[in-house]
Amino acid sequence: MSEQRRQILEMLAEGKITADEAERLINAVEREQPESSLGIGARSKAKPKYLRVVLNSADGSGGQDRINVQVPLQLLRAGVRLTSLIPPRAITLANEELDKSGFPIDLNELKPQQLEELIDHLDEVIVDIDDADTSIRVFCE
Amino acid sequence: MIPQLVTVRRRRADGRWRRLFIPVVPVALLLSPLLLLAVVGGVVACFMFDVRPLGALRGIGRVLWALPGTRFEFEEGRTALHVRIR
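My aim in this report is to walk through the structure given alongside it, one point at a time. Sequence order as written defines the numbering, with residues in each chain counted from 1. Whichever chain is written first becomes A and whichever ligand is written first becomes 1, with later ones labelled in order. Residues qualify for local features only when their pLDDT is at least 70, as the model is predicted, and side-chain atom pairs are given and counted only at 80 or more; totals for whole chains, interfaces and linings, by contrast, use all residues. Water and hydrogen atoms play no part in the side-chain values, which are based on all heavy atoms of the structure.

This paragraph deals with the overall build of chain B. A run of H or I in DSSP counts as a helix once it spans at least four residues, and a run of E counts as a strand once it spans at least two, with each numbered from the N terminus. Assigned secondary structure in chain B consists of three helices and four strands. Going residue by residue from the N terminus, the α and β elements of chain B occur as β-β-α-α-α-β-β. Considering chain B as a whole, with its 86 residues, one finds that 21% of them fall into the buried category. A contact between two residues is defined here by any heavy atoms of the two lying within 4.5 Å. A fraction of 45% describes how many contacts in chain B between residues 6 or more apart in sequence connect residues 24 or more apart. Only the protein chains shown count as cover for residues, and all accessible areas are computed by the Shrake-Rupley method using a 1.4 Å probe. Taken as a whole, chain B presents about 6200 Å² of accessible surface, with 70% of it coming from carbon and sulfur. Charge counting treats Lys and Arg as positive and Asp and Glu as negative, with His and both chain ends excluded. A charge is said to be at NZ when it belongs to Lys, at CZ for Arg, at CG for Asp and at CD for Glu. Here chain B holds 14 positive side-chain charges and 5 negative ones, and the gap between their average locations is 8 Å. Each residue is assigned to one of three classes by its accessible area relative to the maximum for its type, calculated with a 1.4 Å probe on protein chains only: buried under 20%, partly exposed between the two thresholds, exposed over 50%.

To continue, consider the pairing of strand S1 (residues 5-11) of chain B. Residues and elements named next belong to chain B. Inspection of the sheet shows S1 paired to strand S2 (residues 17-23) by seven bridges, in the antiparallel sense. Bridging from a neighbouring strand, Leu5 pairs with Pro23 of S2. Two strands qualify as a pair provided DSSP detects at least 2 bridges between them. Connecting S1 to the next strand, S2, in antiparallel fashion are five residues, including Gly15 with a positive phi near 90°. Two strands pair when backbone bridges link them, and S1 and strand S4 (residues 79-85) are joined in this way by six bridges, in the antiparallel orientation. If you follow Arg10 over to S4, its bridge partner there is Leu81.

Structure (structure tokens):
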């Protein structure tokens, strides 16, 4: 039970407000709560816009190699949608070659919608690899 | 929005930076005759490889529209290459 609701019930028990007033107050509190909880959720989980790949590596001469790539997630989505243009003949050929190489994957089963879902859930993916000389981070922001 | 400006920054081994700003729209206008040829070539290629030309055009448009915000930065020792699309 929320604190506000408890206070309303206490006021009702003490006779400070009538049952109708208490009902109106409780309804008002209930209307207010989902809105505020939604607001907090939206603020704490802003939708990421970019996929970042950051690699730092010490080269042999004491210098530092660095790669920093920022790709908009929208670009990944656009790229994924391009897969729908691949002609069926090419997919059949790719399937055959994959099968020959020992990867019996049917690319026909891979739908663009599934790939889009994959991109939608990328925001929860963080890859963090730390080595003595190298660190790699893949994340969304 | 389509890309407006591509910035290429290169650091030479002597530590000096060279910057190149490419305004996409004016350059595209300047190269429009070549772009037209490329589009015709693309349509022919689509028919050859059994790809829907309109779908391909839409797909390329989507990729172009999504490009702003892309950034590549490579640094190796004293040399570096930064590419930004805005």
